[in-house]
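A look at the structure
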Amino acid sequence: MSIRTVITGTGHYLPPDVVTNDALAAIMDTSDEWIRQRSGIVTRHHAAAGVGSSDLGAEAARRAIADAGIQPSEVDFIVAATISPDYYFPGIGVMIQAELGLEGIGALDVRTQCTGFLYALSVADQYIRTRTFRKILVVAAEVQSHNLDYSNDGRDMAVLFGDGAGAVILEPAEASNGRGVLSTHLFADGRRVTDLWMRRPSSKDKPTFPPALDASDGFYPRMDGKNVFKNAVEKMPEAVRAGLRHNGLTIEQVDHLIPHQANDRISLMVAHQLKIPVEKVIRNIDRLGNTTAASIPIALDEAVKSGRIKSGDLVVLTAFGSGFTWGSAVIRW
Ligand code: UT7
C-alpha cells in the first residue's frame, strides 16, 4: 500500500495582548497610515514578558492534538520551527515535548526562518511516508516582539512582526484516496544571509556574549527590506510553479493559496504574478502581522476552522524568508 501524509489536526494560539499601529506610533517615529499602506498591517499580538515561543507552541500543539482527536501520548515525534527560541540552546522542540509530557520521543528543531514551517512539514512528511513515525507534531512558534528595535533604526521591522504559534498533526493514509501532502519543494540561497539576519550572538565572537551587552550592536534583527521584498515576490511564485508542475496541476485548479504573511503587498504581488484570483489567497496579516515560521500554520488553522478550506480542496502553501530560504507545499485537503 502506498502511503501519503495527511494533516489530521490543526491548532493555533495567539498571546492575548493586541498592539495597534497607534500604540507603536506612540513609541517611535511611524504612523498608522504608513504601516497600513506599506504592509497592510493594522494590529499584531505581543507576548507578555516571561512568555517564550515554547509556551505559545505548546498551547498551539495541545489544540492541534485535540483537533486530531488523539491523545498527546500518541504523538511519536516532534518537529519544531522558530527563529525566536526561548534559549540560545536547546531549541523549543524539547521544551514543547516536556510541556506535553512526552519525555522520550525525538524532538527536532528546524531553523529556516519564515520558511520554517514548510521545511518542518517536508521533513515530517518523509518520516511518515517511510513509516518511521505514525503521528508527528509539527509546530511553529515565535515571540519576536521581545527583541525588536523600537527606535527609529529598527522601525521598518518593529512594525511588521507579531507573536503567535501554529501546529499540525500529521498521520499516514492510503495514497489511493487522493488526499494529503502531494509534494514539498524547498530552496535556499545562502549568499543572502546578511539581507535579513540577526548578527549576534555569534560563535565567531570571542566571547560570544560581550560582558557589556549593547543591544544595538548586532543583537537586533536587521534587513534590507527592498531586496527581501523583491526576492520574495519572485521566489514564492517560482516555488508554487515548481510544486504544481511536479503534480501536473495548473494554477486554475488551486482552491487556496496560503503565502507566508510577510507583507500584504507581497501576498498581493505573488497572487498577481501567479494570476490567481485574490479571493483564493488567504490573508490575515492585517490582524496578526508577520509571525515568521508560525504564519502559515496559523492561517491554515483559521481557514480550516472557519470552513473556508473544505475536504477535497487543493491548498498550496508558499514561504520566503531569511537565509534566503523559500519553498512550497501542495496539499489535497
Ligand atoms: O518575512 C520575510 C521577511 N520580511 C519581509 O518580507 C519584508 C520585506 N520588506 C518590506 O515589507 C518592505 O520593504 C518594508 C515594509 C519593510 C518597507 O517598505 P518600503 O516600501 O520598501 O519602504 P522603504 O524601505 O523604501 O522605506 C521608505 C521610507 C524610508 O524613509 P526615506 O529613506 O525614504 O526617508 C524609511 O526610513 O520609509 C521609512 N520607514 C518608515 N517610516 C515610517 C521605514 N520604516 C518605517 C516606519 N514608519 N515603520
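Our structure is the block above this text.
Below is a short write-up of the structure. The shown structure was predicted, so the numbers you read here are calculated from the model rather than taken from an experiment. (Residues numbered from 1 in each chain as written. Predicted model: local features only at pLDDT ≥ 70, side-chain atom pairs only at ≥ 80, totals over all residues. Heavy atoms only, no water.)

**Comments concerning the sheet that holds strand β5 (residues 106-110)**
Where strands meet in a sheet, backbone hydrogen bonds hold them as pairs that are either parallel or antiparallel. In space, the 5 strands of this open sheet follow the order β1-β7-β6-β4-β5, with mixed pairing throughout. The open sheet has two edge strands with one neighbour each: β1 (3-13) and β5. In this sheet, neighbouring strand axes are inclined to one another by 20° on average, regardless of whether the strands run parallel or antiparallel. Where strand β4 (residues 77-81) and strand β6 (residues 136-142) come together, 5 bridges link them in parallel fashion. Paired with A80 across the two strands is V139, which belongs to β6. The strands touched by helix α4 (residues 92-99) are β4, β5 and β6; relative to β5, the strand with the most contacts, the crossing angle is about 140°. (Pairing = 2+ DSSP bridges. Helix = DSSP H or I, 4+ residues; strand = E, 2+ residues; numbered from the N terminus. Axes fitted to C-alpha atoms, helices over the stretch in contact; angles between N-to-C directions. Contact = heavy atoms within 4.5 Å.)

**Notes on the packing of helix α7 (residues 225-246) against helix α8 (residues 264-274)**
At a closest axis distance of 9 Å, the pairing of α7 and α8 adopts a crossing angle of 45°. As far as their axial angle goes, α8 and α7 are oblique. Judged by the sense of rotation from one axis to the other, the crossing of α7 with α8 is right-handed. On α8, the residues touching F229, A232, V233, M236, P237, V240 and R241 of α7 are R265, I266, M269, V270, Q273 and L274. (Parallel < 35°, antiparallel > 145°, perpendicular 65-115°, else oblique. Left-handed = near helix turned anticlockwise from the far one by under 90°.)

**Brief notes about the site of the ligand**
Around the ligand, the surrounding shell holds 22 residues, and the nearest of these are T30, R38, K226, N263 and N290. Between a nitrogen atom of the ligand and a side-chain N or O atom of T30, the distance comes to 2.6 Å. At a separation of 3.5 Å, an oxygen atom of the ligand approaches a polar side-chain atom of R265. Protein contacts shield 74% of the accessible area of the ligand, which totals 950 Å² for the unbound molecule. Judged by the proximity of its atoms to the pocket grid, the ligand belongs to the second largest pocket. Considering each element in turn, the shell around the ligand owes the most residues, 4 residues, to α7. (Near = heavy atom within 4 Å. Polar contact = N/O pair within 3.5 Å; in protein donor to acceptor, adjacent residues only side chain to side chain. Areas by Shrake-Rupley, 256 points an atom, 1.4 Å probe, with all protein chains shown as cover. 1 Å grid on protein atoms, 1.4 Å probe; cavity = no way out; pocket = protein on both sides within 12 Å on 5 of 7 lines; lining within 4 Å. Sits in = over half its atoms within 2 Å of the grid points.)

No statement about biological role is implied by the geometric values presented.
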